[in-house]
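Structural overview for review
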Amino acid sequence: MMTSLFQLLHSKECDLKLKNEDEQTPLHLASKYGRTRLVEWMCSLDCDLVKDEDENSNTSLHIAAIEGHNKVTQVLIDYQADVQARLEPSSAFWSRVYD
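Residues numbered from 1 in each chain as written. Predicted model: local features only at pLDDT ≥ 70, side-chain atom pairs only at ≥ 80, totals over all residues. Heavy atoms only, no water.

For helix α5 (residues 70-78), every residue scored as buried is listed here: V72, T73, V75 and L76. Buried residues of α5 fall within an arc of 160° about the axis and therefore sit on the same side. Of the exposed residues in α5, those oriented more than 90 degrees away from the buried face are N70 and K71. Lining the buried residues of α5 we find α2 (26-32), α3 (36-45) and α4 (60-67). Just beyond α5, the residue with positive phi is Q80, at close to 70°. (Buried < 20%, exposed > 50% of the residue type's maximum accessible area, 1.4 Å probe, protein only. Helix = DSSP H or I, 4+ residues; strand = E, 2+ residues; numbered from the N terminus. Arc of directions from axis to C-beta. Contact = heavy atoms within 4.5 Å.)

Okay, structure coming up:
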């Protein structure tokens, strides 16, 4: 199933930089839901995707870490995600830290 999804996205020349209403890219969403192979595939097509931030300044690395997806987190780090990137004080990460 996943291979066919990759093939479909690639054959349609999907724009991986498109953002939703929360300013999240497909990489943000794949990171959120722990889709390791999809994350790795998208990063292999464009390693600059790891730099994109959503409306709360979350990168895909932040989101993967927040959701506890260790394998996704490692893939993003392997593709040079900025482990020093800072979050806005109002981000979901900080609300979970202080809950």
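Next comes the rest of the write-up.
Another aspect to go through is the packing of α4 against α5. Viewed as axis vectors pointing N to C, α4 and α5 meet at an angle of 160°, and their least axial separation amounts to 8 Å. What the angle tells us is that α4 and α5 run roughly antiparallel. In this structure, the crossing between α4 and α5 has a hand that is left-handed. Across the interface between the two elements, S60, L61, A64 and A65 of α4 pack against V72, T73, L76 and I77 of α5. (Axes fitted to C-alpha atoms, helices over the stretch in contact; angles between N-to-C directions. Parallel < 35°, antiparallel > 145°, perpendicular 65-115°, else oblique. Left-handed = near helix turned anticlockwise from the far one by under 90°.)

Positionally, V83 belongs in the loop between α5 and α6 (92-97). On the accessibility criterion, V83 (52% relative accessible area) is exposed. For the pair V83 and H62, spaced 21 residues apart in the sequence, the C-alpha separation amounts to 8.7 Å. When neighbours within four sequence positions are excluded, V83 is seen to be in contact with L61 and I77.

A separate point is the pattern of salt bridges. On inspection of all chains with the given rule, the structure shows 2 salt bridges. As a salt-bridge pair, D46 and K17 come within 3.4 Å of each other at their nearest N and O atoms. Residue D46 is located in the loop between α3 and α4, and its partner K17 is located in the loop between α1 (2-11) and α2; the two are separated by 29 residues in the primary sequence. Given the relative accessible area of 23%, D46 is considered partly exposed. One salt bridge in this structure joins D48 and K51, with 3.2 Å as the shortest N-O distance. Given a relative accessible area of 37%, D48 falls into the partly exposed group. Given the relative accessible area of 59%, K51 is considered exposed. (Salt bridge = Lys/Arg side-chain N within 4 Å of Asp/Glu carboxyl O.)

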